[in-house]
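Structure assessment
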Amino acid sequence: MSRDEMTALQGERLHKTVETVYHNVPFYRHRMQELDLTPDDIRTVEDIVKLPFTTKQDLRDNYPTGLQSAAQSEIVRYHASSGTTGNPTVVGYTRRDLEIWKEVAARCLTAYGVTKDDVFSVGYGYGLFTGGLGVHYGVEYIGASAVPTSTGNTEKHLRLLRDLKVTGIACTPSYALYLAEAMDKYGMTRDDICLKVGAFGAEPWTENMRKEIEGRLGLQAYNIYGLSEIMGPGVSYECECKHGSHISEDHFYPEIIDPDTLQPLGAGKTGELVFTTLTKTGMPLLRYRTKDLTSLIDGECECGRTNVRMTRILGRSDDMLIIRGINVFPSQVESVILDMPEFEPVYMLVVDRVNNLDTLQVQVEVRKDFFCDEVGMMLQLRKRLADKLKSILSISADVKLMEPNSIPRSEGKSVRIHDKRKLY
Ligand code: ADP
Ligand code: ZN
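Conventions we followed
Residues numbered from 1 in each chain as written. Chains lettered and ligands numbered in written order. Predicted model: local features only at pLDDT ≥ 70, side-chain atom pairs only at ≥ 80, totals over all residues. Heavy atoms only, no water. Helix = DSSP H or I, 4+ residues; strand = E, 2+ residues; numbered from the N terminus. Rg over C-alpha atoms; globule rule 2.2 N^0.38 Å. Buried < 20%, exposed > 50% of the residue type's maximum accessible area, 1.4 Å probe, protein only. Contact = heavy atoms within 4.5 Å. Areas by Shrake-Rupley, 256 points an atom, 1.4 Å probe, with all protein chains shown as cover. Lys, Arg positive; Asp, Glu negative; His and termini not counted. Charge placed at Lys NZ, Arg CZ, Asp CG, Glu CD. Pairing = 2+ DSSP bridges. Core = buried A, V, L, I, M, F, W, Y, C linked by side-chain atoms within 4.5 Å. Domains from an automatic or database assignment. Buried area = accessible area lost by both parts, 1.4 Å probe. Salt bridge = Lys/Arg side-chain N within 4 Å of Asp/Glu carboxyl O. Polar contact = N/O pair within 3.5 Å; in protein donor to acceptor, adjacent residues only side chain to side chain. Nonpolar A, V, L, I, M, F, W, Y, C, P; charged D, E, K, R; others polar. Donors = N, O, S within 2.8 Å, 3.2 Å for Na, K, Ca; no water. Tetrahedral: all angles 85-135°; square planar, octahedral: opposite > 155°, others 65-115°.

1. Focus on the overall build of the chain
Along its length, the chain carries 10 helices and 21 strands. Here the C-alpha radius of gyration of the chain, 22 Å, is about what a compact globule of 424 residues would show, namely 22 Å. On the principal axes, the C-alpha backbone points of the chain span a range of 75 × 55 × 40 Å. Per-residue burial over the chain gives 53% buried out of 424 residues. Pairs at least 24 apart in sequence give 65% of the contacts found in the chain among residues at least 6 apart. Working note: accessible area of the chain is about 18,800 Å², and carbon and sulfur atoms make up 50% of it. Treating the 51 positive side-chain charges of the chain as one cloud and the 59 negative ones as another, the clouds have centres 3 Å apart.

2. Examining the sheet that holds strand β8 (residues 233-238)
Overall, mixed pairing links the nine strands, which are arranged β4-β3-β5-β6-β7-β8-β9-β14-β13 in an open sheet. This sheet does not close on itself; its edge strands, each paired only once, are β4 (145-147) and β13 (296-297). Both strand β9 (residues 245-247) and strand β14 (residues 309-310) contribute to a ladder of two bridges, which runs antiparallel. What sits directly across from H246, in β14, is R309.

3. Re the nonpolar core
Nonpolar side chains in soluble globular proteins generally cluster together in the buried interior. If you look at the biggest cluster of nonpolar residues, it comprises 40 residues, and the most contacted ones within it are L51, Y225, I230, F275 and L285. For this core, the secondary-structure elements that each account for two or more residues are α1 (3-24), α2 (26-34), β2 (90-94), α4 (95-111), β10 (252-257) and β11 (271-277). It is α1 that contributes the most residues to this core, four residues altogether. The residues touching L285, leaving out its near neighbours within four places in the chain, are Y28, T54, L59, L67, E229, I230, F275, T276 and T277. Grouped together as the second largest cluster of nonpolar side chains are 25 residues, L158, M188, L195 and L219 included.

4. Things to note about the domain arrangement of the chain
Each assigned domain of the chain is listed here: domain 1 (94-316) and domain 2 (321-419). Here domain 1 and domain 2 have C-alpha centroids that lie 27 Å from each other. Listed per partner, the contact involves 22 residues of domain 1 and 18 residues of domain 2. Summing both sides of the interface, domain 1 and domain 2 together bury roughly 1,600 Å²; the carbon and sulfur share of this comes to 50%. The interface formed by domain 1 and domain 2 includes three salt bridges. Note that E344 is salt-bridged to R216, the shortest N-O span being 3.5 Å. Along the contact surface separating domain 1 from domain 2 lie 10 residue pairs in polar contact (both at pLDDT 80 or more). Of all elements in the fold, only α7 (173-185), α8 (207-217) and β15 (315-316) reach the threshold of two or more residues within the side of domain 1 that touches domain 2. By residue number, the principal contributor to the side of domain 1 that touches domain 2 is α7, which donates five residues. Residue composition of the side of domain 1 that touches domain 2, by class: nine nonpolar, eight polar and five charged.

5. Some thoughts on the coordination of the zinc ion (ligand 2)
Summarising the metal site, the zinc ion (ligand 2) is bound by the protein donors C239 (SG), H246 (NE2), C301 (SG) and C303 (SG), whose distances to it range over 2.1 to 2.3 Å. Seen from the zinc ion (ligand 2), its four donor atoms lie at angles of 106 to 112°, and the figure they make is tetrahedral. The sequence pattern formed by the donor residues of the zinc ion (ligand 2) is C-x6-H-x54-C-x1-C. Highlighted residues: H246 in strand β9 and C301 in the loop between β13 and β14, separated in sequence by 55 residues. The class of H246 is buried, set by a relative accessible area of 0%.

In structure tokens:
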């Protein structure tokens, strides 16, 4: 679709969405009335800046279904967000929403090169979390064979990868590495499996982590992004160019704003990602603030797709640690660790406050081959990592080298921050 056609389509769908929520959702009607707006004021995508924002707090204040637009009898499924940063939020889907979700999930898989000839393991959790079922229906829709492995069954998962000659997998990037470690444990190598592609998301990851996963599992690793409030996995996806994730912007209209001033930022500028759903009928959302930090890439991609791309998520604005006044993202620490062959891609940031001063400890596992009893060598390694961290983060961190396999692994979203300051 050309840019003009897309913009026109988005404008039409936006108007319709605004009209629907104005009539069906008192929360939005009141917000718009406060701003002296009626649905007729919103005709094109340029008008979107007139609309109020929606936050996670608004969803919590209207828990569980206050923002639902469709009648209860039209809702055919509920999901709840995983609550990584607080109480869960509940999302109701109509049959039409599920059809569209299936379609956008299928777009992702198609971009990764998955076809009906593939056998695809869905290693995201099934249940209230949108990851499992979201990818599952996309896999079935394109006619590939879905293997609903879910999480928590690593040994069986590995056995099925091998025996069913599974060619595609979706899971969190941290679980992909966990699988690779478990292969070592069960005496398997990447030659025992025939994975070609992996769709990884649900948590931030880095280019270095991509290399690591690709090397250890012998596949092409692609990003998949989504969030339950907007739909679930499938909101955006990487193509073979691996240069930004294409947004299904005919269904989800993206904006980037400055999280402090709330003003829109131009293409290429990093800020908070905001989505307006354009076709959702269960719980449509206007200008939902995702808290995810990224930027948009305009223009046609080398793959030929014309839909806008977003760069990797740098982190969530609420994931950001402020340590001694300096912003620190776990992804910065991760990129340093993964650049050094001595370390496993497993780490934990422990933040505390001692004598009114913030402290940051970075715990990281040393790989088996590099772990030794010689104190001098270990001290030297520790210093090298501490120096690198200091130059990237601009603050010093206390590095604690850990034995292989001593930091707890997670099968879903990984927990990488332990902020003890909140206890005081
Ligand atoms: P929550 O974790 O907020 O309870 P969800 O389960 O809906 O709710 O997770 C959605 C969030 O997961 C996104 O807002 C984003 O922070 C993160 N996420 C999802 N996919 C990716 C990805 N590919 N890269 C980075 N972060 C992602
Ligand atoms: Zn592309």
